[in-house]
Amino acid sequence: MLNGKLQQVIDMLPVIRQLYAYEVYMMVMDTDGVVRGYSVPDGVAPQLQIGEVFHDPTGAYQAVMRTGTKKHNCLPPEVMGEAFEGELVPIKDGMELVGCIICTYSVGTKAQMASTTAKFKESVHHINDSISDVVIGIEKLFKMLTEMNEMTSSVEGDVHNAVDVVNKISGNASRSNILALNASIEAARSGEHGRGFAVVATEMGKLAGDSGSSATEIKGTLNVITDHLATIATFIKDANGVAKEHMTNIGEIQKILEETIVLAEALQKDIHK
């Protein structure tokens, strides 16, 4: 008759399976090594049937039965068709040793998990490095935009100075025009003797008029440039705001990636235990 404690363990095998993050192969044996129960992944045939005797060439099972203590073991492929490793835990009914439960998993599955985790960690590192490059690029862009804003302010100041110069030219043109008009009047009063002076006064009036017109055109152009510079300054300010916002968002993403890397490293350590 099967020991009651062994039967309880056999009945608990479906629950025990749920404690593992990956597929496990479990067998319950009595003190003679006879298989009394098992649980294997769906679709997988058991290597040993109930009633068959388990032969462990590594001696781990015999050691557990002799000492009554838990033992970690690695089974070569010839035992169950592929390499396995896992835990051998003694089953006791009070102080009496009545059997053993073996919970093993495929080394190939573990290696695949380790490989996948390593690739995942590497991918996260690459993403983190790429984001770091993006951060450096945004920082350079932010610096360039700041320098452009300073240059725009400097050019805007130069344009204002040029407008002042043009205003002076326009004022001088107006005064020159008045002088030319006065000279024409005086030349007319001088009659025949002032005829040559009248020609000079007329040319001075034309020159003053042309200077005034040119000054007006230049001033109009400078005003347009000033308006454009103001628009550019606004665009640069907006771009700076967007760059700062992206820097903040990318900083949050980097924190998440760093946490993900830590989790991947912890998973690697657990797999290699």
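Presented here is a report on the structure given in the accompanying data block.

The rules we used
Just so you know, the residues in each chain are numbered from 1, in the order the chain's sequence is written. Per-residue local features are limited, in this predicted model, to residues with pLDDT of at least 70; the limit for side-chain atom pairs, both in listing and counting, is 80 or more; totals at the level of whole chains, interfaces and linings are taken over all residues. Hydrogens and water molecules were not included; the side-chain quantities draw on all heavy atoms of the structure. Any two strands with at least two DSSP-identified bridges between them are counted as paired. Each helix is a run of DSSP H or I of at least 4 residues and each strand a run of E of at least 2, with the numbering of both proceeding from the N terminus. When a residue's accessible area, from a 1.4 Å probe over protein chains only, is under 20% of the maximum for its type it is buried; when over 50% it is exposed; and in between it is partly exposed. In this description, contact between two residues means that some pair of their heavy atoms is separated by no more than 4.5 Å. Taking the helix axis as origin, the arc is that swept by the directions to the C-beta atoms. What qualifies as a polar contact is a pair of N or O atoms within 3.5 Å, subject to a donor-acceptor requirement within protein and to the restriction that residues adjacent in sequence count only when both atoms come from side chains. For every element, the axis is a line fit to its C-alpha atoms; helices are fit only across the contacting stretch, and the angle between N-to-C directions ranges from 0 to 180 degrees. Any carboxyl oxygen of Asp or Glu that lies within 4 Å of a side-chain nitrogen of Lys or Arg is treated as forming a salt bridge with it. What makes a nonpolar core is a set of buried Ala, Val, Leu, Ile, Met, Phe, Trp, Tyr and Cys residues whose side-chain atoms join them at distances within 4.5 Å. Geometry of aromatic contacts follows a simple scheme: Phe, Tyr and Trp rings, the Trp one being its six-membered ring, pair when their centres are within 6.5 Å, and the pair is stacked under 30 degrees between planes, edge-to-face over 60, tilted otherwise.

Some remarks on the pairing of strand β4 (residues 84-93)
As defined by bridge partners, strand β3 (residues 71-75) adjoins β4 across five bridges and the pair is classed as antiparallel. Across the sheet, the residue bridging to His72 is Glu87, located in β4. Judged from the ten bridges that link them, β4 and strand β5 (residues 96-106) form a sheet pairing that is antiparallel. Considered in β5, the bridge of Val89 is made with Ile101. Counted along the chain from β4 to the antiparallel partner β5, the turn is two residues long, and its residue Gly94 has a positive phi close to 75 degrees.

Considering helix α3 (residues 60-67)
Restricting attention to buried positions, one finds in α3 the residues Ala60, Tyr61, Ala63, Val64 and Met65. Looking at the buried side of α3, the elements it contacts are β1 (25-30), β3, β4 and β5. The first or second residue beyond α3 is Gly68, which carries a positive phi of 70 degrees.

As for helix α1 (residues 4-11)
Buried within α1 we find Leu6, Val9 and Ile10. Buried residues of α1, seen end-on, are gathered within an arc of 100 degrees and therefore sit on one face of the element. Capping of α1 at its N-terminal end is provided by Asn3; its side-chain oxygen lies 2.7 Å from the backbone amide nitrogen of Lys5.

Some thoughts on the environment of Ile101
With respect to the helices and strands, the residue Ile101 is situated in strand β5. For Ile101, a relative accessible area of 8% translates into the label buried. When residues no more than four places from it in sequence are discounted, the contact partners of Ile101 are Val9, Leu13, Ile16, Met27, Val28, Glu87, Leu88, Val89 and Ile91.

Quick word on the pairing of β5
Most of β5 is tucked away: nine of the eleven residues are buried. Pairing between β1 and β5: six bridges, direction antiparallel. Bridging across to β5, Tyr25 finds its partner in Thr104.

Some thoughts on the sheet that holds strand β2 (residues 35-39)
Ordered in space as β2-β1-β5-β4-β3, the five strands form an open sheet in which the pairing is antiparallel. Where the open sheet ends on each side, the last strands, each with one partner, are β2 and β3. For this sheet, the mean angle separating the axes of adjacent strands, direction not counted, is 25 degrees. Pairing analysis gives four bridges linking β1 to β2, with the strands arranged antiparallel. Pairing of Met27 across the sheet is with Tyr38, part of β2.

Let's talk about the side chain of Asn73
Among the structural elements, Asn73 can be located in strand β3. At 3.0 Å, the side chain of Asn73 and the side chain of Thr58 are in polar contact. Apart from the residues lying within four places of it in its own chain, the contact partners of Asn73 are Asp56, Thr58, Ala60, Phe84, Glu85, Gly86 and Leu88.

A few points about the pattern of salt bridges
All chains considered together, the criterion is met by two salt bridges. Note that Arg36 is salt-bridged to Asp30, the shortest N-O span being 3.0 Å. Exposure remark for Arg36: the relative accessible area of 36% places this residue in the partly exposed category. Between Lys70 and Glu87 there is a salt bridge, and its shortest N-O distance comes to 4.0 Å. Residue Lys70 is found in the loop between α3 and β3, and its partner Glu87 is found in strand β4; the two are separated by 17 residues along the sequence.

Some details on the nonpolar core
In this structure, Leu13, Ile16, Met26, Val28, Ile91 and Ile101 are the most contacted members of the largest nonpolar core, which totals 13 residues. Those elements that provide at least two residues to this core are α1, α2 (13-17), β1 and β5. Once you skip the residues sitting within four places of it in the chain, Ile91 turns out to touch Lys5, Leu6, Val9, Val28, Glu96, Leu97, Val98, Gly99, Cys100 and Ile101. By size, the runner-up hydrophobic cluster in this structure holds twelve residues, among which are Met29, Tyr61, Met65 and Cys100.

Observations concerning the packing of aromatic side chains
Counted under the stated rule, the structure contains one aromatic pair. Centroid distance Phe54 to Tyr61: 6.0 Å. Interplanar angle 90 degrees. Geometry classified as edge-to-face. Under the relative-accessibility criterion, Phe54 is labelled buried at 5%.

Remarks on the environment of Phe54
Tracing the chain through its elements places Phe54 in the loop between β2 and α3. Residues Phe54 and Asp30, spaced 24 residues apart in sequence, show a C-alpha to C-alpha distance of 10.0 Å.

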